[in-house]
Amino acid sequence: YIEAGGQVSDTGTIVSVSEPRWEIRVDDVRKPAAGVVVHLGQVISGAPRIGEEAIAAVHAQRRHDIMRNHTATHLLHKELQRVLGDHARQAGSLVAPDRLRFDFTHPESMTPEQIEEVEAGVNRHILDSYVLDIRFKSLQEAMAEGAMALFGEKYGETVRTVSIGDDEGGVYSYELCGGTHVHETGEIGLFLITSEGSAAAGIRRIEAVTGRKAYE
């Protein structure tokens, strides 16, 4: 995954298939221009050669931690709107393996009761183990269905939609998103809000942890 939409890049390895073996540790992935993907890292053994066949692998545990935080971000967004009102819309985010950060439009600090209600609501939907439905659709179709688009983001004619809901067809969250997600919300494990504060005038910021970090 290339860093985009607030979600950090994957890390991993690129290892040669044939002898003599070589290995590259991939620390970052970037897209400097359309159609160009650059893997940045360090050669930790051997001497990579142009044209050789290799296997690229993503660090799975780190990716799963990121997936938990990204799906939790969608649940958090929806719960903030339920508790505070529809004006509470995303104004920035960070989805990393160890935490999530979510900026949203709201004119005043949240009360302890509101924070507790949002946290409880997210955990309730985690325990509901909603299955995520991820599909590609035309932008026009997705918007007509009520998918939430992020202000300032540029979308092509075909978009990726992430829907979270129950088996009876009740949709809880529906957003346009290109990030990685869990298969069902139960995989998130636990969601804990660690801080709520001001990010800018009229913008509040929540930081939270899930899964392994929440347990720690």
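Data block above holds the structure.
Conventions used here
- Residues numbered from 1 in each chain as written.
- Predicted model: local features only at pLDDT ≥ 70, side-chain atom pairs only at ≥ 80, totals over all residues.
- Heavy atoms only, no water.
- Pairing = 2+ DSSP bridges.
- Helix = DSSP H or I, 4+ residues; strand = E, 2+ residues; numbered from the N terminus.
- Axes fitted to C-alpha atoms, helices over the stretch in contact; angles between N-to-C directions.
- Core = buried A, V, L, I, M, F, W, Y, C linked by side-chain atoms within 4.5 Å.
- Buried < 20%, exposed > 50% of the residue type's maximum accessible area, 1.4 Å probe, protein only.
- Expected span 1.5 Å × (residues − 1).
- Contact = heavy atoms within 4.5 Å.
- Polar contact = N/O pair within 3.5 Å; in protein donor to acceptor, adjacent residues only side chain to side chain.
- Salt bridge = Lys/Arg side-chain N within 4 Å of Asp/Glu carboxyl O.

Chemist: Break down the sheet that holds strand E4 (residues 54-58) for me, citing the residues and quoting the values.
Modeler: The strand order across the open sheet formed by four strands is E3-E2-E1-E4, and the pairing between neighbours is antiparallel. Each edge of the open sheet carries a strand with a single partner, namely strand E3 (36-45) and E4. Each neighbouring strand pair of the sheet contributes to a mean axis angle of 35 degrees, computed without reference to strand direction. When strand E1 (residues 12-16) meets E4, the two strands line up antiparallel, connected through five bridges. Across the sheet, the residue bridging to Val15 is Ile55, located in E4.

Chemist: Describe the nonpolar core, naming the residues involved and giving the relevant values.
Modeler: Ranked by internal contacts, the top residues of the largest apolar core, which has 27 residues, are Leu76, Leu80, Phe104 and Phe191. Elements represented by at least two residues in this core include exactly helix H1 (60-84), strand E6 (100-105), helix H2 (112-127), strand E8 (158-165), strand E10 (191-200) and strand E11 (203-210). A per-element tally of this core places H1 first, with seven residues.

Chemist: Just give me the short version of H2, but keep the residues and values in it.
Modeler: For H2, built from 16 residues, the straight-helix expectation of 22 Å at 1.5 Å per residue is met to within 8% by its first-to-last C-alpha distance of 23 Å. Taken as a whole, H2 has its buried residues at Val118, Gly121, Val122, Asn123, His125 and Ile126. For H2, the secondary structure elements touched by its buried residues are H1, strand E9 (171-176) and E10. Just downstream of H2, Ser129 is the residue with a positive phi angle, here 50 degrees.

Chemist: I'd like a description of the side chain of Gln90, backed by residues and values.
Modeler: Relative to the helices and strands, Gln90 is located in strand E5 (residues 90-95). Using a relative accessible area of 18% as the deciding quantity, one classes Gln90 as buried. Here Ser93 takes part through its side chain, which lies 3.3 Å from a polar atom of the side chain of Gln90.

Chemist: Could you give an account of the environment of Met110, with specific residues and numbers?
Modeler: Along the chain, the position of Met110 falls in the loop between E6 and H2. Of the residues examined, Met110 reaches a relative accessible area of 6% and is grouped as buried. Along the primary structure Met110 and Ala91 are separated by 19 residues, whereas in three dimensions their C-alpha atoms are 16 Å apart. Excluding its chain neighbours within four sequence positions, the residues that come into contact with Met110 are Leu80, Leu84, Phe104, Ile115, Val118, Glu196 and Ile206.

Chemist: Which residues make up the pattern of salt bridges, and what are the values?
Modeler: All chains considered together, the criterion is met by 16 salt bridges. Close ionic contact of Arg63 with Asp10 constitutes a salt bridge, the shortest N to O distance being 2.7 Å. Here Asp10 lies in the segment before E1 and Arg63 lies in helix H1, a separation of 53 residues in the sequence. The class for Arg63 is partly exposed, based on a relative accessible area of 23%. Across the pair Arg205 and Asp103 runs a salt bridge, and its minimum N-O distance is 2.7 Å. Of this pair, Arg205 sits in strand E11 while Asp103 sits in strand E6, and the two are 102 residues apart along the sequence. We classify Arg205 as partly exposed; its relative accessible area is 28%. Take Asp103: its relative accessible area is 9%, and that puts it in the buried class.

Chemist: Account for unusual backbone geometry, with residues named and values stated.
Modeler: Cis geometry is adopted by the peptide bond preceding Pro20, which originates at Glu19 and carries an omega value of -10 degrees. If you trace the backbone, Pro20 turns up in the loop between E1 and strand E2 (23-33). Residues other than glycine seldom take positive phi values, yet Ser129 does so here, at roughly 50 degrees. The class of Ser129 is partly exposed, set by a relative accessible area of 30%.

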